[in-house]
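Chains, contacts and geometry: an overview
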Amino acid sequence: MSCSEYKKKLIEEIGLHFEQTHQVSPLAARIYAIMILSPYDGHTFDEILEITCASKSSVSTQLNLLVQLKKVEYFTKPGDRKRYFRASKKYLINTLEEHVQTINQEIKMIDKIAEFNAEFNKEKYKEHGQFSILFKEYLTNQKKNMLETIEKMSKLTEK
């Protein structure tokens, strides 16, 4: 289970990115990065322990969290009682779906702010209302692009 220095650095870099963007612990982020970069179709719990050098309870907790978040999935092999963990085949789709939810929330807030300012801060709305309209337009376009990409990716995973 050894890996090159380049791969170790990449796991750290991706792990830091996932910590920040997905708000997960450093260990969960690194496990996720390991799964994404793995040439194998799944790692056993013991292999993950060996790779991460973390305690059984920590790895178990973080794997359960990643499964709950739909970042990691597990499967079994016929005749083998062990569970194998891998990055979810839909992890990119799941990530885009999370972004769509965030955009939906942002659009709702923009609408509420615009409605309030239009009614109670008429001068401010007249002077700055175009910014919120442009930002909402940008978000709507992003959402449309994400939904189209999700649809294309979903078709690829069906194959």
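Look up a bit, the structure's there.
The paragraphs below set out a description of the structure included in this document. (Residues numbered from 1 in each chain as written. Predicted model: local features only at pLDDT ≥ 70, side-chain atom pairs only at ≥ 80, totals over all residues. Heavy atoms only, no water.)

**A few points about the pairing of strand 3 (residues 83–87)**
A large share of strand 3 lies buried, amounting to 4 of its 5 residues. In terms of strand pairing, strand 1 (residues 43–44) meets strand 3 through 2 bridges, oriented antiparallel. Following the sheet pairing, Thr44 is matched in strand 3 by Tyr84. Summarising the sheet, strand 2 (residues 72–76) and strand 3 pair through 5 bridges and their orientation is antiparallel. Across the sheet, Thr76 pairs through a bridge with Arg83, a residue of strand 3. Between strand 2 and the antiparallel strand that follows it, strand 3, lie 6 residues; Gly79 among them carries a positive phi value of about 80°. (Buried < 20%, exposed > 50% of the residue type's maximum accessible area, 1.4 Å probe, protein only. Helix = DSSP H or I, 4+ residues; strand = E, 2+ residues; numbered from the N terminus. Pairing = 2+ DSSP bridges.)

**Side note on the sheet that holds strand 2**
Strand order across the open sheet formed by 3 strands is 1-3-2, with antiparallel pairing between neighbours. Only two strands of the sheet have a single neighbouring strand rather than two, namely strand 1 and strand 2. Each of strand 2 and strand 3 touches helix 4 (residues 56–68); the most contacted strand, strand 2, lies at about 105° to it. (Contact = heavy atoms within 4.5 Å. Axes fitted to C-alpha atoms, helices over the stretch in contact; angles between N-to-C directions.)

**Some thoughts on the side chain of Asn94**
Relative to the helices and strands, Asn94 resides in helix 5 (residues 91–120). Overall, the relative accessible area of 10% leaves Asn94 in the buried class. Apart from the residues lying within four places of it in its own chain, the contact partners of Asn94 are Lys70 and Ser88.

**Some remarks on unusual backbone geometry**
Located in the positive-phi region is Gln23, a residue other than glycine, with phi close to 50°. As for its position among the elements, Gln23 is in the loop between helix 1 (5–22) and helix 2 (26–37). Classification of Gln23 as exposed rests on a relative accessible area of 63%. Even without a glycine there, the phi angle at Lys70 is positive, about 65°.

**Looking at the pattern of salt bridges**
This model, assessed by the stated rule, comprises 10 salt bridges. The shortest N-O distance in the salt bridge between Asp111 and Lys136 comes to 2.7 Å. Taken together, the residues span a long stretch of sequence, with Asp111 in helix 5 and Lys136 in helix 6 (residues 122–158) at a distance of 25 residues. In this structure, Glu148 and Lys144 form a salt bridge, with 3.8 Å as the shortest nitrogen-oxygen distance. With Glu148 and Lys144 both in helix 6, this residue pair falls 4 residues apart, about one helical turn. (Salt bridge = Lys/Arg side-chain N within 4 Å of Asp/Glu carboxyl O.)

**A closer look at the nonpolar core**
Counting 21 residues, the largest nonpolar core has Ile31, Met35, Ile48, Val59, Leu63 and Val72 as its most contacted members. Going through the elements one at a time, helix 1, helix 2, helix 3 (45–52), helix 4 and strand 3 are the ones with two or more residues in this core. Per-element accounting of this core gives the leading share, 8 residues, to helix 2. Counting residues in each nonpolar core, the second largest holds 9 residues, with Ile93, Leu96, Ile107 and Met146 among its members. (Core = buried A, V, L, I, M, F, W, Y, C linked by side-chain atoms within 4.5 Å.)

**Topic: the packing of aromatic side chains**
If you walk through the whole model with that rule in mind, you get 6 aromatic pairs. Between Tyr32 and Tyr91, the aromatic rings sit 5.8 Å apart at their centres with planes inclined by 80°, giving edge-to-face as the arrangement. One end of the pair, Tyr32, is in helix 2; the other, Tyr91, is in helix 5, and 59 residues separate them in sequence. Each of the two residues, Tyr32 as well as Tyr91, counts as buried. Among the aromatic residues, those joined into a ring-pair cluster are Phe18, Tyr32 and Tyr91. A cation over an aromatic ring shows up here: Lys77 above the ring of Tyr84, its NZ or CZ 4.2 Å from the ring centre. One residue, Arg83, lies across the ring of Tyr74, its end atom 4.3 Å from the ring centre. (Phe/Tyr/Trp six-rings, centres within 6.5 Å; stacked < 30°, edge-to-face > 60°. Lys NZ or Arg CZ within 6 Å of the ring centre and 35° of its normal.)

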